[in-house]
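Examining the three-dimensional arrangement
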Amino acid sequence: MDKTKPYRISKDVVLKAFQRVKANKGAAGVDNESLEGFEADLKNNLYKIWNRMSSGSYFPPPVKAVEIPKKAGGKRILGVPTVADRVAQMVAKIYFEFKVEPIFHPDSYGYRPEKSAVDALAVTRQRCWQYDWVLEFDIRGLFDNIDHELLMKAVRKHTSIPWVILYIERWLKAPFQMPDGSIIERTKGTPQGGVISPVLANLFLHYAFDMWMVKNHPDKPFERYADDAVAHCYTRQGAEMLLESLKLRMAECKLELHPDKTRIVYCLDSNRRGDYKDASFDFLGYTFRPRMAKNRHGEFFTSFSPAVSGKAKKQMRQNIRGWRIQLKSDKSLEDLSRAFNPVIRGWINYYGRFYQSELHVVLCRLNLALIRWVQRKFKRFRAHKRRAAKWLGRIARQEPTLFKHWEMGIFPAAG
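Now for a description of the structure that goes with this document. Owing to the predicted nature of the structure, the values given are computational and were not obtained by experimental measurement. (Residues numbered from 1 in each chain as written. Predicted model: local features only at pLDDT ≥ 70, side-chain atom pairs only at ≥ 80, totals over all residues. Heavy atoms only, no water.)

A count of helices and strands for the protein gives 15 helices and 11 strands. Summarising its shape, the C-alpha atoms of the protein cover approximately 75 × 60 × 40 Å along the three principal directions. Taking all 415 residues of the protein together, the buried fraction comes to 49%. At a minimum sequence separation of 6, the contacts of the protein that also span at least 24 residues come to 68%. About 21000 Å² of surface is accessible on the protein, with carbon and sulfur atoms providing 50% of the total. Averaging the coordinates of the 72 positive side-chain charges in the protein and doing the same for the 44 negative ones gives two points 7 Å apart. (Helix = DSSP H or I, 4+ residues; strand = E, 2+ residues; numbered from the N terminus. Buried < 20%, exposed > 50% of the residue type's maximum accessible area, 1.4 Å probe, protein only. Contact = heavy atoms within 4.5 Å. Areas by Shrake-Rupley, 256 points an atom, 1.4 Å probe, with all protein chains shown as cover. Lys, Arg positive; Asp, Glu negative; His and termini not counted. Charge placed at Lys NZ, Arg CZ, Asp CG, Glu CD.)

Below, the structure is given as structure tokens:
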């Protein structure tokens, strides 16, 4: 630290911030400087960040706006700060997050240390067995619409560090640079893609939703992952009252529920009777709905449970097609394993946590792509799909660790 500077910021924290940014990877911002380019002159670059932040003269550059297609259609604007600005944001996050993290609600799961989407899914499943009704909702454009004045009120409540407050305000106002080069000023929202944006969004919703639920609806537990959430109710009437109340609350906070992603759902199972139109909902890439299950006595019953959603399966199949495995006949099976097995492992670790059999159809599609690769690589199998499948099946049994789904016993089939 330098006592001649108005703000005391540790140089060690600036270095730690860069290491975290590097681990997260990410694209270049408006200056087109990559992580590798930044690191080539690391000492000078980190000194500049520390010097400017410590003196109060750090001003974030515009945020590069990247249009990302939404699964449901339309486009989402993702903000990509420069590498240097990501480091600066990480410095502030390190000083700020530990102050707010302890006050966050235990059922807030998004972008938090030691919490995950899988944790949220496990609790949701358990509560769907306990409560008959679910209010599924999504906040429309949360990151684009957070009110700056309300957010800064919450920031000041939890930190008195002047430079943290100063720079958060500057980051909130940093303009977007659009793909055509035009500059758009921002008067609300926090860029989705900014390093400090997730903790700011969680802080905003901590007061806008989490603590409001604790105070006004203590009998209705919830799970929230950023702007995606579900709340559990004993009765349909209770769910309807919560929905109307929540609409008003969001309006007070200058937010809006997404009309197409907000529904009341009945958790139908063997013990619950009735014919209801909405008996399923999607949450964090899983579909919760009635499914056949077997109890410890070997008896079948209907359980309201999660499994990988149809949208997630479609996306995985599109990814497999996009890999164009059958055209990589110049590669070995080991090469394919190195390229794709980390992704396959990630799919299985996440989407295979609950009702894993629903994921098998996607993994079998992957085997078909590998069989087509065998046919293209080896002339003797070109017109013989069954023989290619048998050959690959033998390899899979001999070396199951090549692909994660082979370890699970999902082998290529000749049928």
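Here we come to a nonpolar patch on the surface. Together, Met-292, Phe-300 and Tyr-355 give the surface a local cluster of nonpolar side chains, amounting to about 320 Å² of exposed area. With respect to the helices and strands, Tyr-355 occurs in the loop between α12 (333-351) and α13 (360-377). What makes Tyr-355 partly exposed here is its relative accessible area of 30%. (Patch = residues over 30% accessible without salt bridge, like charges linked within 9 Å, V, L, I, M, F, W, Y side chains within 5 Å. Salt bridge = Lys/Arg side-chain N within 4 Å of Asp/Glu carboxyl O.)

A word on empty space enclosed by the protein. Applying the stated criterion to the full structure yields two cavities of 30 Å³ or more. In terms of lining residues, the largest cavity is bounded by 14 residues, among which Gln-89, Trp-171, Thr-190, Pro-191 and Ser-197 are the most central. Secondary-structure elements contributing two or more residues to the lining of the largest cavity are α4 (83-100), α8 (162-173) and α9 (197-216). If you tally residues by element for the lining of the largest cavity, the top one is α8, at three residues. Taken together, the residues of the lining of the largest cavity break down into nine nonpolar, four polar and one charged. As a volume, the second largest cavity reaches approximately 40 Å³. Lining the second largest cavity are Lys-93, Glu-97, Glu-101, Phe-104, Tyr-111, Arg-112, Pro-113, Pro-198, Val-199 and Asn-202. Among the secondary structure elements, those contributing two or more residues to the lining of the second largest cavity are α4 and α9. By residue class, the composition of the lining of the second largest cavity is five nonpolar, one polar and four charged. (1 Å grid on protein atoms, 1.4 Å probe; cavity = no way out; pocket = protein on both sides within 12 Å on 5 of 7 lines; lining within 4 Å. Points joined across faces, edges and corners; volume = space filled by probe spheres on them. Nonpolar A, V, L, I, M, F, W, Y, C, P; charged D, E, K, R; others polar.)

Moving on: the pattern of salt bridges. Taken as a whole and assessed by the stated rule, the structure comprises 19 salt bridges. For Arg-112, the salt bridge identified is with Glu-101, shortest N-O distance 2.6 Å. Of the two residues, Arg-112 sits in the loop between α4 and α5 (117-130) while Glu-101 sits in the loop between α4 and α5, which places them 11 residues apart along the sequence. Each of the two residues, Arg-112 as well as Glu-101, counts as buried. Across the pair Lys-247 and Glu-244 runs a salt bridge whose closest N-O atoms are separated by 3.5 Å.

Let us look at the sheet that holds strand β1 (residues 63-69). Ordered in space as β2-β1-β4-β5, the four strands form an open sheet in which the pairing is mixed. Each of the sheet's edge strands pairs with one partner strand only, and the pair in question is β2 (75-80) and β5 (183-184). Sheet topology note: the β1/strand β4 (residues 176-177) ladder contains two bridges and is parallel. Along β4, the bridge assignment pairs Val-63 with Phe-176. (Pairing = 2+ DSSP bridges.)

Reading across from one edge, β6-β7-β3-β8 is the order of the four strands in this open sheet, with antiparallel pairing throughout. Two strands in the sheet have a free side with no partner beyond their single neighbour: β6 (222-225) and β8 (263-266). Each strand of the sheet is rotated relative to its neighbour by a mean of 15°, with strand direction disregarded. α9 contacts β3 (133-138), β6 and β7 (228-233) of the sheet and is inclined by roughly 170° relative to β6. (Axes fitted to C-alpha atoms, helices over the stretch in contact; angles between N-to-C directions.)

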